[in-house]
Amino acid sequence: MFMTTNFFIMLAIVVYLAIMLVIGFVYSKRNNSTEDFYLGGRKMGPLVTAMSAEASDMSSWLLMGLPGVAYLSGICDAAWTAIGLAVGTWLNWFFVSRKLRRYSNNIGAITVPDFFAKRFHDKNNVITALSALVIIIFFIPYTASGFAACGKLFNSLFGINYQVAMMLSALLIVGYTITGGFNAVCVTDLVQSIVMTGALAIVLIYGISRAGGWTAVMDNAAALPGYLSLTSTFDVASGSEVKYNFLTIFSTAAWGLGYFGMPHILVRFMAIEDEKKLVLSRRIASVWVVIAMTAGVLIGIVGLGMTKAGALDTLTGSNSETIIVRIAGIISQHNALTALIAGIILAGILAATMSTADSQMLAAASGVSQNIVHDFLKIKISEKTNLLIARLTIVGIAIVSIFLARNPDSSVFKIVSFAWAGFGGAFGAVVLCSLFWKRCNLAGAIAGIISGGATVFIWKYLVRPLGGILDIYELLPAFIVSLIFIIVVSLLTKAPDEEIVREFEAAGKKA
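A brief structural summary. (Residues numbered from 1 in each chain as written. Predicted model: local features only at pLDDT ≥ 70, side-chain atom pairs only at ≥ 80, totals over all residues. Heavy atoms only, no water.)

**With respect to the nonpolar core**
Then step 1. If you look at the biggest cluster of nonpolar residues, it comprises 116 residues, and the most contacted ones within it are Phe116 and Trp420.
Then step 2. Discounting chain neighbours no more than four positions away, the residues touching phenylalanine 116 are Ile127, Ser131, Phe427, Val430, Val431, Ser434 and Ile449.
Then step 3. Formed by 13 residues, the second largest nonpolar core is a distinct cluster that contains Ala144, Phe147, Val174 and Ile402. (Core = buried A, V, L, I, M, F, W, Y, C linked by side-chain atoms within 4.5 Å. Buried < 20%, exposed > 50% of the residue type's maximum accessible area, 1.4 Å probe, protein only. Contact = heavy atoms within 4.5 Å.)

As structure tokens, then:
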């Protein structure tokens, strides 16, 4: 029975992965230029734009990290993170998307670093190289978190060696990304978002039934001190309630600020065929995000109810992030049909991982080939060579990410939170000021990127360990520091010239 179950699970996963590779191959025929490879020729429709943006955003932490946090400590950490992200999603689509699409199109920018350079007329492309460097630094650990999630999935379910499973998963993701480029990434992201949604729904419904019903789930959660509170967390070790102060709540919700600086999400805004269609994209994206994250948190609570009912083993530490994998394993034990369903659920976790990793590697590749080699170093290369460098960069990033993710005890949630803070801190305030403050200049933008990125490291490793009121998520202080530096340095240096001002004002006029 075990062999039969594994066969049907693997069949579902293999079919799913084969579809991803086919999509990559099909779209490889459409890449005739770097704009095609990085932006899909600015021809993305509203549905693909919305769902690919959110699928690339949610990553494996939606199906592993978020339920794991809720399972261990209750809804406080998970809920405030989800609330911050939901608000940040809507604000990003409402305020940033249309103006960034219009502005980038007006000045011919095809990547986020390229947008900064052309927005501020940086002829030496210093901000381009700096931005590309930040992208590479923070996307490597982000990609590593995705590979780690794949390794955990196959190791916990089939007993496959963690490192072997991780490397095979990385090989597959690299395969369709380097062939299909942006078009393949967006279309696969749309498929992956659908699979992720189905996985969340199936696990939630099944988990509630095995835990003894919704009433039993909530009764179990209510019996744990602070577990269902938005101002406290449940401490597993002591079995007691730990209070959450206002500053901690605010810094946790500050996850939402990260959206303004995410290159792999911002580039979706730049790629849509018509800026007016971003309104529909915003509605689709906002609704999906709320539903998906709510389901993720509830699965953690339901999983604990299953443990209480004896249907699921007690999960500790980073093992709590395998909760959906383990529930899928239980589902698969009934018959061939449920084994296939379990395979689809596990494909959903792969989808969450792959949809983010592919977007991150593509953004990093553009940073090296387009922004550093072509723009900053001013090396004249053909379109074909440019694409080759991009693809080699993807392979290089994958190799480094595999090395960083080699430890099976690494936490997906913690890795993602640091990388998220890095982008939000380095780019968030710069993007907003670039779009909405006419007086913002090149010197201010460079100061914002450097100060914000540096603050993430300083706060994470030097300040936050001091504890007390300083124990807050590093994204919040990094964003504030970056904003201050942008404003102060811009005001102390030369104002933008008339041409930059005209371009800024043109971007403010609705189509």
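Now that the structure has been shown, the text picks up again.
**Observations regarding the pattern of salt bridges**
Then step 1. This structure, assessed with the given rule, holds 6 salt bridges.
Then step 2. Residues aspartate 114 and lysine 118 are paired through a salt bridge, measuring 3.4 Å at the closest nitrogen-oxygen approach. Taken as a pair, aspartate 114 and lysine 118 lie in helix H5 (residues 112-119) at a separation of 4 residues, close to a single helical turn.
Then step 3. Looking at lysine 118, the relative accessible area reads 32%, which means it is partly exposed.
Then step 4. For the salt bridge of glutamate 505 with lysine 438, the shortest nitrogen-to-oxygen distance reads 3.0 Å. Of this pair, glutamate 505 sits in helix H18 (residues 498-507) while lysine 438 sits in the loop between helix H15 (412-436) and helix H16 (442-463), and the two are 67 residues apart along the sequence. (Salt bridge = Lys/Arg side-chain N within 4 Å of Asp/Glu carboxyl O. Helix = DSSP H or I, 4+ residues; strand = E, 2+ residues; numbered from the N terminus.)

**Looking at the pairing of strand S2 (residues 240-243)**
Then step 1. In this sheet, S2 lies alongside strand S1 (residues 232-235) in antiparallel orientation, the contact comprising 4 bridges. When the sheet's bridge partners are listed, aspartate 235 is paired in S2 with serine 240.
Then step 2. Where S1 folds back onto S2 in an antiparallel hairpin, the turn is made up of 4 residues, including glycine 239, whose phi is positive at roughly 70°. (Pairing = 2+ DSSP bridges.)

**What to know about the packing of helix H4 (residues 75-107) against H18**
Then step 1. Two numbers describe how H4 lies on H18: the axes approach to 9 Å, and their chain directions differ by 135°. Between H4 and H18, the interaxial angle falls into the category oblique. Crossing of H4 over H18 shows right-handed handedness. Contact with H4, carried on its side by Lys99, Arg102, Tyr103, Asn106 and Ile107, involves Ile500, Glu503, Phe504, Ala506 and Ala507 of H18 and no other residues of that element.
Then step 2. The residue inventory of the contact of H4 with H18, partitioned by class, reads 6 nonpolar, 1 polar and 3 charged. (Axes fitted to C-alpha atoms, helices over the stretch in contact; angles between N-to-C directions. Parallel < 35°, antiparallel > 145°, perpendicular 65-115°, else oblique. Left-handed = near helix turned anticlockwise from the far one by under 90°. Nonpolar A, V, L, I, M, F, W, Y, C, P; charged D, E, K, R; others polar.)

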